[in-house]
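# Observations on the model geometry
Chain by chain, the residues run as shown.
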Amino acid sequence: MRKAHRKSPPSSLPRAGQSTTVNLQLLTPDTSPMSSPAQTFSGLAISQPVCREYIPTPTTVNYSRDTSSSINSTPQIPPLFVTEYFEVRKSNKKGMAAYATKNIKKNTVIMGEDPLFIAEFMEVYYKFESLTMEQKKEYMTLCDWRGLEKEKILAIFSVNRFNTGDSKCGIFVRSSRFNHACHPYAVCTYSWVPEKYQLVITTVMEVKEGTELTIAYTSNPSSLKRNYGFWCDCPGCPSMEVREAEQKAVDKAFPRE
């Protein structure tokens, strides 16, 4: 999921006793636990990380200022957008990704984002048509894996929605640029804060400049291929045998035309 929306800068989270936050994972077609994936793994509550300690490795990027027209030179692609703490640009793997532009302390709120819209599934077309032309263009740049929904507008909503409670989900264009990593490897967590009407993203560890900023889409890694169209390659993901079995199930349920 991934891909920009001029939002006001993030502010501090509400103080204890003054307001509440709703910690929710990204909704998938499977039954979703109401607790954050950062606190559960494979649907089971844990008190300690289930995998070895993981320190994200910064991604080295060389933004050369050489403007020579050498045949071997690689055109520089500017970031999609830049914030105080990170930028979103082309990933070294595929698609877009968020990378820290400075060292960031643990428990830092790096972004608070208003929704492009919030809707139940049956309201998606209506909400989409209510957007401005620029907002529609922005929405249509998001990931649209067609494994569960064949129509582009619904496919985008299906894989980019964040649960906001009351059977509704929100589309947050900037937040959708964060790629997945399983707990405890995800660098950030997120919470829907009704009082602020924002999705707030917070670091859960010390982050070095250049590190990719990730969130956990689900607490069940084996569901990633079925619901999002990809396998995660972190140490917490399923074995190759499980992946192959899951892929066969996906191919059977969604045969290629």
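This next bit is on the overall build of the protein chain. Of regular secondary structure, the protein chain possesses five helices and 13 strands. Accessible area for the protein chain stands at about 14100 Å²; split by element, carbon and sulfur atoms hold 51% of it.

Reading across from one edge, β7-β9-β8 is the order of the three strands in this open sheet, with antiparallel pairing throughout. What marks the edges here is a single partner per strand, and that holds for β7 (117-119) and β8 (161-165). Averaged over all pairs of adjacent strands, the angle between strand axes in this sheet comes to 35°, irrespective of strand direction. Sheet topology places β8 next to strand β9 (residues 168-171); four bridges connect them, and they run antiparallel. Within β9, the residue paired with Phe162 across the bridge is Gly170. Lying on the sheet, helix α3 (residues 152-160) is in contact with β7, β8 and β9; it crosses β8 at an angle near 65°.

What follows deals with the confidence of the model for the protein chain. For the protein chain, the average pLDDT comes to 74, and 68% of its residues sit at 70 or higher. Note on residues 2-36: pLDDT under 50 across the span, and 114 contacts to partners over four residues away in sequence or across chains. Segment residues 38-74 is flagged for pLDDT under 50; beyond a separation of four residues in sequence, or across chains, it makes 45 contacts in the model.

Right, let's talk about the nonpolar core for a bit. Core analysis: the biggest nonpolar cluster contains 37 residues, and Phe86, Ile110, Phe178 and Leu213 have the highest contact counts within it. Among the elements of the structure, β4 (86-90), β5 (96-100), β6 (109-113), β11 (188-193), β12 (198-203), β13 (212-215) and α4 (224-228) are those that each provide at least two residues to this core. Among residues more than four places away in sequence, those in contact with Phe86 are Phe81, Ala98, Tyr99, Ala100, Thr101, Ile110, Met111, Phe178 and Leu213. By size, the runner-up hydrophobic cluster in this structure holds 15 residues, among which are Phe117, Val124, Phe128 and Val173.

A ring pair, where both rings are aromatic, is described by two values, the distance of the centres and the angle of the planes. Taken as a whole and assessed by the stated rule, the structure comprises 13 aromatic pairs. Geometrically, the ring pair formed by Phe86 and Phe178 is edge-to-face, given 5.3 Å between the ring centres and 65° between the ring planes. Here Phe86 is found in strand β4, whereas its partner Phe178 is found in the loop between β9 and β10 (179-180), with 92 residues between them in sequence. With relative accessibility at 0%, the residue Phe178 sits in the buried group. Their ring planes at 55° and their centres at 5.4 Å tell us that Phe128 and Tyr139 sit as a pair that is tilted. Note that Phe128 is positioned in helix α1 (residues 124-129) and Tyr139 in helix α2 (residues 133-139), a separation of eleven residues in sequence. For Phe128, a relative accessible area of 6% puts it in the buried group. Following the ring pairs from residue to residue traces out a cluster consisting of Phe117, Phe121, Phe128, Tyr139 and Phe157. The aromatic ring of Tyr99 is capped on one face by Arg89, whose charged end is 3.8 Å from the ring centroid. Between Arg174 and the ring centre of Phe81, over which it is positioned, the NZ or CZ distance is 4.2 Å.

Next up on the list: helix α5 (residues 240-253). The end-to-end C-alpha separation of α5 is 20 Å, in line with the 20 Å expected for 14 residues at 1.5 Å each. All buried positions along α5 are accounted for by Arg243, Glu246 and Val250. Axial view of α5: buried residues confined to an arc of 70°, hence all on one face. Residues of α5 that are exposed and angled more than 90 degrees away from the buried face: Glu241, Lys248 and Lys252. Tucked inside the fold, the buried residues of α5 contact α4.

Before going further, it helps to spend a moment on the sheet that holds β10. Spatial strand order, β3-β4-β5-β13-β10: five strands in an open sheet with mixed pairing. Each edge of the open sheet carries a strand with a single partner, namely β3 (81-82) and β10. Pairing of β4 with β5 involves five bridges; the strand directions are antiparallel. Considered in β5, the bridge of Arg89 is made with Ala97.

Inspection of the entire model under this criterion finds four salt bridges. Residue Glu129 is joined to Lys136 by a salt bridge in which the shortest nitrogen-to-oxygen separation is 3.2 Å. The exposure class assigned to Glu129 is exposed, which follows from its relative accessible area of 52%. Across the pair Asp144 and Lys152 runs a salt bridge, and its minimum N-O distance is 3.0 Å. We classify Lys152 as partly exposed; its relative accessible area is 24%.

Cut-offs applied
Residues numbered from 1 in each chain as written. Predicted model: local features only at pLDDT ≥ 70, side-chain atom pairs only at ≥ 80, totals over all residues. Heavy atoms only, no water. Helix = DSSP H or I, 4+ residues; strand = E, 2+ residues; numbered from the N terminus. Areas by Shrake-Rupley, 256 points an atom, 1.4 Å probe, with all protein chains shown as cover. Pairing = 2+ DSSP bridges. Axes fitted to C-alpha atoms, helices over the stretch in contact; angles between N-to-C directions. Contact = heavy atoms within 4.5 Å. pLDDT = per-residue confidence, 0-100. Core = buried A, V, L, I, M, F, W, Y, C linked by side-chain atoms within 4.5 Å. Buried < 20%, exposed > 50% of the residue type's maximum accessible area, 1.4 Å probe, protein only. Phe/Tyr/Trp six-rings, centres within 6.5 Å; stacked < 30°, edge-to-face > 60°. Lys NZ or Arg CZ within 6 Å of the ring centre and 35° of its normal. Expected span 1.5 Å × (residues − 1). Arc of directions from axis to C-beta. Salt bridge = Lys/Arg side-chain N within 4 Å of Asp/Glu carboxyl O.

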